[in-house]
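In case you want the letters, here they are:
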Amino acid sequence: MTTPPTSDVDLFADEVVLDPYPVYAELREQGPVVHLPKNDVHALTRYAVIRDALPDWESFSSTSIAFNPMANEALTGTSLASDPPVHTQLRATLTENLSPRALRGLKGRIEAKADALVAELVEKGSFEAIDSLARAFPLEVVADLIGFTGHVRDNMLRWGQAAMQVIGPMNQRTAESFPIAGELYAWCSQVKASDLVEGSVGRGIFDAEARGAVPPDTAGHIIHQYLGAGVDTTVAAIGNIVALFAAHPDQLDLVRENPSLVPGAFNEVLRFWPPVNVWGRRATSDVDIDGTVIPAGAQVAVLLGAGNRDPRHYENPDVFLVERNPVDHLSFGYGPHGCAGQGLARLEAHAVIEALSRRVKRLVVGPEVRVPGNITRSIEELPVLEVIPA
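Residues numbered from 1 in each chain as written. Predicted model: local features only at pLDDT ≥ 70, side-chain atom pairs only at ≥ 80, totals over all residues. Heavy atoms only, no water.

## Quick notes on helix 9 (residues 172-190)
- With 19 residues, helix 9 extends 28 Å between its outermost C-alpha atoms, agreeing within 8% with the 27 Å of an ideal straight helix rising 1.5 Å per residue.
- At Phe 178, helix 9 shows its strongest bend, of approximately 40 degrees, with the proline Pro 179 following within four residues.
- Of the residues making up helix 9, those classed as buried are Arg 173, Thr 174, Ser 177, Phe 178, Ala 181, Leu 184, Trp 187 and Cys 188.
- At its buried positions, helix 9 is contacted by helix 1 (14-18), helix 4 (69-75), helix 8 (150-165) and helix 11 (219-247).
- One side-chain oxygen of the residue at the start of helix 9 lies 3.3 Å from the amide nitrogen of Arg 173, identifying that residue as Asn 171. (Helix = DSSP H or I, 4+ residues; strand = E, 2+ residues; numbered from the N terminus. Expected span 1.5 Å × (residues − 1). Bend = angle between axes of the 7 residues up to and from the residue. Buried < 20%, exposed > 50% of the residue type's maximum accessible area, 1.4 Å probe, protein only. Contact = heavy atoms within 4.5 Å. Polar contact = N/O pair within 3.5 Å; in protein donor to acceptor, adjacent residues only side chain to side chain.)

## A short note on the pattern of salt bridges
- For the structure on display, the rule yields 19 salt bridges.
- Lys 107 is the partner of Glu 111 in a salt bridge, and the nearest nitrogen-oxygen pair spans 2.8 Å. Of this pair, Glu 111 and Lys 107 both sit in helix 6 (residues 100-124), 4 residues apart, which is roughly one turn of the helix.
- For Lys 107, a relative accessible area of 39% translates into the label partly exposed.
- Between Asp 310 and Arg 312 there is a salt bridge whose closest N-O contact spans 2.7 Å.
- Judged by relative accessible area, Asp 310 falls into the buried class, the value being 1%.
- Judged by its relative accessible area of 43%, Arg 312 is partly exposed. (Salt bridge = Lys/Arg side-chain N within 4 Å of Asp/Glu carboxyl O.)

Here it is in structure tokens:
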């Protein structure tokens, strides 16, 4: 048994979060586990190791998904940051409204919304893709689904971004985001059923609490998770769809010629540029990985983005290919903590890809602007200068 190799990389340095892939390649070559003293973490770098660790909640606990103690404390009692059996009950209510059956009724509405929005943007001929599509679309879908109105609707983006930032280490980004994440937390802790639109999923969560299907006083926590975990990541994914298809018009052509490629194309977008590259776990005991040991109590950084580009698992991993259909990508997690909202995210993303492939031959874009983020890697601005219609 040996200790893992060490690297002086700072996972959360600006230049790393803006373009982590060169660093991930170095870390993968060093070993399946690399100790990073600057972040006080043991990083899991390779596909097979990550895929094995994610479902193994007995060795890798979710009680420490964040990289600072304040956020972990704030997340206590949520399904994101709990292990079975508590996690199982909390998650059941979260997923009840996100199951394929529950979402079936939304499919037509979401597709119509995406198509109308894309049609309007194509008509304009030029637009800012992040504000007018990547943000506008999921914000409206989630607000309608949960039943948000008024000031909550207006604050969803700020709150969702901050909720992800505070999962990082206690750096400047985290410190600045805590008060904003606190606004979301405060609102969720005093929200009542009557604050949400009748017939919405949000109301349904309160109904579940009233009939004892979830523990008392957890409805707000569950709503917090929809907003905290679901908004920023979906915005990032849709921005990535636009940018990647603009950069690879040949791949957009393939989807237009064969619409059955839509689900596979989204899997490839997620593999190639995951909205979340790193997530936390805590080792509950000494864990042996290929002969190296992660000590009990160590904070673990699960490098989803590094696993997704592991050449041991994917051929030509640094090339974007919609026909690859990597159904086993790591971007939604895996196991009991696999992304609860992935069905909704897929509905939204598939609708956007379908509308783009049907209506657009080519997107001519200006340079993308990125802002460093602790957890979510997304595009801040992407000007579409010209649309060549299909």
